[in-house]
Amino acid sequence: MSNSILNQNTVLRQCLSLLPTKDLACPILNYGTKKLSIEALVKIFVIAQLDHWKSYPEFDIKMRAYKDLMECIDLESISSSQLSRRINELDTAILQNLFLKVVQMLEQRTKSFVGLPPNIGRLRIVDATHIKLPPTLSNWAYVSKNSTMVKMHTRLVVASEDISFPDKIVPSNGRVTDHEGGDLLIETSDATYVMDRGYMDLYRMNEWIKENIKFVVRLRKDVTASILEEYEVPEGTTIQRDAKVILGETGKMKPVRLVQFLDEEGTIFRVATTRWDLESTEVAEIYKNRWIIELFFKWIKQSLRFVKIWSTKPQGIWNQMFIAMIAYILTLIVKLEANSKKKPLSILTHIRTYLNRSWEEFVMALDYKPKRTSKGRQKIPEKPKKEIIYGNVALVNLEKKKRDRRKIK
């Protein structure tokens, strides 16, 4: 465990000590701000995201109660209205840069992780999630009559079976397509990109092949495939076809590998890939792991309450996206610093519970294992039914319901 962690006392202080925010205290960057520095502003919102502060009135209550937080940011008091105004005005590039620094910290801690066994390796799953906004306050995010929303285009790195994290996100309004977001997320890498049909585009796929980008992408039903060579399909598996093909009708596409398989519910999947080195079953397994990003989106929306927006202004929402991702990665860094095998949700729950308590108590709580007192399943003799006591206040009728046929006279 790093010395910076040991030198801090409370879990709150240790979480904030992990944030590389020293540059945000620069006097030039904070020129014109009388009270609240950008560093203090960011720290408040990261703690608010970790601790699930639901509204600005709750900000006021929590900051009065969390003396440790106010001492840590060297601030006696601040109103939630000031926080709201400042987060809406904060240049998103500042938070984007902080996010990238936190990602680098996590990458350094996971550089020895080899991805998914045995031969799959590291994955980069690309997809987008959306957040609905109130139409009356968010005309700028209008998509259709029944849809007002923003998107977060995400590249999720799968470093191991229990560690996956976003290393790049692109905020957008709802009208930006998956292709437009993907153009900024799909870059040369040793990892294999995994994508759904929304990112399937023949021109782009050809460019990926030219740049030696490894990918597994699901094909749309209307995409034709000219077979160049068929490969043997392993018996006793759900693989239906493994072939070298040319996609589309123009004949300008470079050859790719097509693997067709069935999932557990009998749905047919066709995926195109450049992973010629793997078994067809392993290619199918790679695509099945695309579900990891769906679980990630569900996690940040349910556990971090990412759907609860603090602003209806574009810059305020973009800033919240980066703050939420910083909070998520911080949770993973704490997990690794504490050398815990617990899942991220359990780590987050412990952080919230022990936020104002010592790091030692926090680590002990993570290591706690309840003592097993049971001697195994035993035959338990039937006990006589206890008499139910209703008391003398409630109205209780134990008879079967009968229709009341009394007539009005």
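Fair warning: this is a prediction, and the values are worked out from it, not measured in the lab. (Residues numbered from 1 in each chain as written. Predicted model: local features only at pLDDT ≥ 70, side-chain atom pairs only at ≥ 80, totals over all residues. Heavy atoms only, no water.)

Draft legend 1. Region of the structure containing the overall build of the protein. Of the regular secondary structure elements, the protein holds 14 helices and 10 strands. In summary, the protein has a C-alpha radius of gyration of 27 Å against a globular reference of 22 Å for 409 residues, an excess of more than 25%. Seen along its three principal axes, the alpha-carbon backbone of the protein occupies a region of about 80 × 75 × 60 Å. By residue count, 48% of the 409 residues in the protein fall in the buried class. Averaging the positions of the 66 positive and the 48 negative side-chain charges in the protein gives two centres separated by 10 Å. (Helix = DSSP H or I, 4+ residues; strand = E, 2+ residues; numbered from the N terminus. Rg over C-alpha atoms; globule rule 2.2 N^0.38 Å. Buried < 20%, exposed > 50% of the residue type's maximum accessible area, 1.4 Å probe, protein only. Lys, Arg positive; Asp, Glu negative; His and termini not counted. Charge placed at Lys NZ, Arg CZ, Asp CG, Glu CD.)

Draft legend 2. Expanded view of the pattern of salt bridges. One pass over the full model with this rule turns up 24 salt bridges. Among the ionic pairs, R155 bridges to D167, the shortest N-O distance being 2.9 Å. On the criterion of sequence distance, the pair formed by R155 in strand β3 (residues 147–158) and D167 in strand β4 (residues 164–173) is long-range, its members being 12 residues apart. A salt bridge links D162 to K335; its shortest N-O distance comes to 3.7 Å. Here D162 is found in the loop between β3 and β4, whereas its partner K335 is found in helix α12 (residues 314–337), with 173 residues between them in sequence. By relative accessible area, D162 is classed as partly exposed at 45%. One salt-bridge network, in which partners are shared between bridges, spans R124, R155, D167, K168 and E187. (Salt bridge = Lys/Arg side-chain N within 4 Å of Asp/Glu carboxyl O.)

Draft legend 3. Representation of the confidence of the model for the protein within the structure. Of the residues in the protein, 93% have a pLDDT of 70 or more, and the chain-wide mean is 89. Scored below 50 in pLDDT, residues 1–7 shows nine contacts in the model against residues more than four places distant or in partner chains. (pLDDT = per-residue confidence, 0-100. Contact = heavy atoms within 4.5 Å.)

Draft legend 4. Region of the structure containing the side chain of R124. With respect to the helices, strands and loops of the structure, R124 is situated in strand β1 (residues 123–132). Given the relative accessible area of 14%, R124 is considered buried. In this structure the side chain of R124 is engaged in a polar contact, spanning 3.4 Å, whose partner is the side chain of D167. Excluding residues within four positions of it along the chain, R124 makes contact with R155, L156, V157, D167, E187, S189, A191, T192, Y193 and V194. (Polar contact = N/O pair within 3.5 Å; in protein donor to acceptor, adjacent residues only side chain to side chain.)

Draft legend 5. Expanded view of the layout of surface pockets. Within this model, the largest pocket holds a volume of roughly 540 Å³. Lining of the largest pocket is provided by 21 residues; of these, S164, L295, F296, W299 and P344 occupy positions nearest its centre. When residues of the lining of the largest pocket are traced back to their parent elements, those giving at least two are α11 (291–302) and α13 (344–353). The element contributing the most residues to the lining of the largest pocket is α11, with six residues. By residue class, the composition of the lining of the largest pocket is 10 nonpolar, five polar and six charged. Roughly 230 Å³ of internal volume is contained in the second largest pocket. Lining the second largest pocket are D196, R218, F261, D263, E264, F269, Y287, K288, R290 and W291. A breakdown of the residues in the lining of the second largest pocket according to their chemical character gives four nonpolar, no polar and six charged. (1 Å grid on protein atoms, 1.4 Å probe; cavity = no way out; pocket = protein on both sides within 12 Å on 5 of 7 lines; lining within 4 Å. Points joined across faces, edges and corners; volume = space filled by probe spheres on them. Nonpolar A, V, L, I, M, F, W, Y, C, P; charged D, E, K, R; others polar.)

Draft legend 6. Inspection of the packing of aromatic side chains at higher detail. Summed over the entire model, instances satisfying the criterion amount to 15 aromatic pairs. Geometrically, the ring pair formed by Y56 and F59 is tilted, given 5.0 Å between the ring centres and 45° between the ring planes. Of this pair, Y56 and F59 both sit in helix α4 (residues 56–65), separated by three residues, roughly a single helical turn. Neither residue differs from the other here; Y56 and F59 are each classed as buried. On the basis of an interplanar angle of 65° and a centroid distance of 5.4 Å, the ring pair of W208 and F215 is categorised as edge-to-face. In terms of burial, W208 and F215 fall into one category: buried. (Phe/Tyr/Trp six-rings, centres within 6.5 Å; stacked < 30°, edge-to-face > 60°.)

Draft legend 7. View of the pairing of β1. The element β1 is largely enclosed, with a buried count of eight among its 10 residues. Looking at chain direction, β1 and β3 are connected through 10 bridges and run antiparallel. Bridge assignment links R124 to a residue of β3, and that residue is V157. In the sheet, β1 pairs with strand β5 (residues 192–195) via three bridges, with the strands oriented parallel. Its bridge partner lying in β5, R124 is registered against Y193. (Pairing = 2+ DSSP bridges.)

Draft legend 8. Structural context of the environment of A225. By the element assignment, A225 lies in strand β7 (residues 225–230). Along the sequence, A225 and P57 sit 168 residues apart, while their C-alpha atoms lie 58 Å from each other.

Draft legend 9. Up close: empty space enclosed by the protein. Tallied over the full model, the rule gives one cavity of 30 Å³ or more. Of the pockets and cavities examined, the largest cavity occupies roughly 40 Å³. Around the largest cavity, the lining residues are A48, Q49, H52, W53, L304, R305, K308, W310 and Q320. Across the lining of the largest cavity, the residue classes tally to four nonpolar, three polar and two charged.

Draft legend 10. Examining the side chain of S147 more closely. Relative to the helices and strands, S147 is located in strand β3. With residues up to four places along the chain from it excluded, the contact list for S147 reads A141 and Y142.

Draft legend 11. Quick look at α11. For α11, built from 12 residues, the straight-helix expectation of 16 Å at 1.5 Å per residue is met to within 8% by its first-to-last C-alpha distance of 17 Å. Here α11 has its buried residues at I293, F296, F297, W299, I300 and K301. Buried positions along α11 lie against β1, β3, β4, α12 and α13. (Expected span 1.5 Å × (residues − 1).)

Draft legend 12. Quick peek at the nonpolar core. Core analysis: the biggest nonpolar cluster contains 101 residues, and F59, L83 and I300 have the highest contact counts within it. Residue contacts for I300: discarding those within four places in its chain leaves M152, R305, F306, M325 and Y328. (Core = buried A, V, L, I, M, F, W, Y, C linked by side-chain atoms within 4.5 Å.)

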